[in-house]
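Summary of the model geometry
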Amino acid sequence: LTQSERGDDAMVLDVLSKFLLFQGDRAAAEEMWPLIEFAAASVLRHTTADGIVASETDEMEGRYPTGQANLSTSSLAYGGYRSAARLARALGKPAADDFDRRAAALRKAIESCFGQEIEGFKTYRYYKENATLRGWILLPLAMGIDERRDGTVAALLSDKLWPNRKEGADILAESTRPTEWGRETYYALRVLFKAGRTEDALEQTRRVVKAQIFGSRGPYPDEDAIDMLCPGSLYPRVFTEGMFGIVPTGLDSFECTPWLPKAWPRMALRDLRAFGQAWDLVVERAGGRQKVTVLSGGKAVMTGLGPAGKTYSLTFPNGKKSPSMR
């Protein structure tokens, strides 16, 4: 499963669990469950005495030093355990509580082993010997770990880590080198929304889109000028998981924490296909609050009213599937 012990087991645990929840297909989830268990067992096998996950490298594949255990792999493993626990619960698997316990222990270990002041910011070191800001310090926030939210956001928006952000350029992989890394940029935009920095996130997203998708650098190619996967898959998640804050909690349920920009009276995601349903998510301004409505089959299945940053939960009623869904 692993490639030079780069933490692929943690990637599988995180991404596959989340995908299966979003898909909402119980048969497919049951079919893939052995791979979830395999990935979780591999993560556990690589967990060190300090409680973090050992990994000889990461997706940078040796371009930058990563030590014996890096922040990326442990953050992905944390997110994977949380999603796998939700999937296990939805399938009636006994592993759910164990996965949640592992996630809670890993969260504490991430803070203990990686939590650090780096270049003046209360954020994370990327590995034990690391003393420079790295772009992937955003990953704990992306996975829902917010203990160092303010310091991490400040570092992301600093000239040390994102010096050419006003021109729509990518974030730096490391503060002391000129190499920009597109994948981290799209994660950063999502994280800014998740952290409640709505106006900063929207303005920076506009800059990136103008420069990299519609500007002279677009359409934006990632690594080696041939990989379009980065913007093609990560850019929509800036909105679905960032601006609208959608997090799957079951095969037929989710939470959302929407952040409506101040100048917008309304925003909506139309004809979403997830959890075996076709549905709309609409957020409207209602005085100083936000009105949130989920519609399916032309009918409202959830309405809520509250301030920006409030989290809403929905389980689709009766498990009814849209005729267009499997």
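Our subject is the structure listed above.
Throughout what follows, the structure given in this document is the object of discussion. (Residues numbered from 1 in each chain as written. Predicted model: local features only at pLDDT ≥ 70, side-chain atom pairs only at ≥ 80, totals over all residues. Heavy atoms only, no water.)

In this section: the nonpolar core. Formed by 89 residues in total, the largest nonpolar core has its most connected members in L87, F254, W279 and L281. Sorting elements by how many residues they give to this core places helix α3 (residues 71-91) first, with ten residues. Ignoring sequence-local partners within four residues, the contact set of F254 consists of I246, V247, P248, T249, F275, W279, V294, Y312, S313, L314 and F316. (Core = buried A, V, L, I, M, F, W, Y, C linked by side-chain atoms within 4.5 Å. Buried < 20%, exposed > 50% of the residue type's maximum accessible area, 1.4 Å probe, protein only. Helix = DSSP H or I, 4+ residues; strand = E, 2+ residues; numbered from the N terminus. Contact = heavy atoms within 4.5 Å.)

A few words now on the packing of aromatic side chains. The tally for this structure, following the rule as stated, stands at twelve aromatic pairs. Ring geometry for W136 and Y187: centres 5.2 Å apart, planes at 85 degrees, overall edge-to-face. Taken together, the residues span a long stretch of sequence, with W136 in the loop between β2 (121-124) and α5 (139-142) and Y187 in helix α7 (residues 182-194) at a distance of 51 residues. When the centroid spacing of 6.1 Å and the interplanar angle of 45 degrees are considered together, the rings of F254 and F316 count as tilted. Pair noted here: F254 is in strand β4 (residues 253-256) and F316 is in the segment after β9 (312-315), with a separation of 62 residues, a long-range link. (Phe/Tyr/Trp six-rings, centres within 6.5 Å; stacked < 30°, edge-to-face > 60°.)

Here we come to the layout of surface pockets. Approximately 670 Å³ is the volume attributed to the largest pocket. In terms of lining residues, the largest pocket is bounded by 28 residues, among which L141, M143, G144, K194 and V247 are the most central. Among the elements of the structure, α1 (8-23), α3, α5, α7 and β3 (247-250) are those that each provide at least two residues to the lining of the largest pocket. Ranked by residue count, the leading element in the lining of the largest pocket is α3, at five residues. Residues that form the lining of the largest pocket fall into these classes: ten nonpolar, seven polar and eleven charged. (1 Å grid on protein atoms, 1.4 Å probe; cavity = no way out; pocket = protein on both sides within 12 Å on 5 of 7 lines; lining within 4 Å. Points joined across faces, edges and corners; volume = space filled by probe spheres on them. Nonpolar A, V, L, I, M, F, W, Y, C, P; charged D, E, K, R; others polar.)

All right, on to the packing of α3 against helix α4 (residues 96-114) then. At their nearest, the axes of α3 and α4 sit 8 Å apart, and the two run at 160 degrees to each other. Accordingly, the angle class assigned to the pair α3 and α4 is roughly antiparallel. The interaxial crossing formed by α3 with α4 has left-handed handedness. Along its contact with α3, which presents L71, S74, S75, A77, Y78, Y81, R82, A84, A85, A88 and R89, the element α4 presents A96, D97, F99, D100, R102, A103, A104, L106, R107, I110 and F114. (Axes fitted to C-alpha atoms, helices over the stretch in contact; angles between N-to-C directions. Parallel < 35°, antiparallel > 145°, perpendicular 65-115°, else oblique. Left-handed = near helix turned anticlockwise from the far one by under 90°.)

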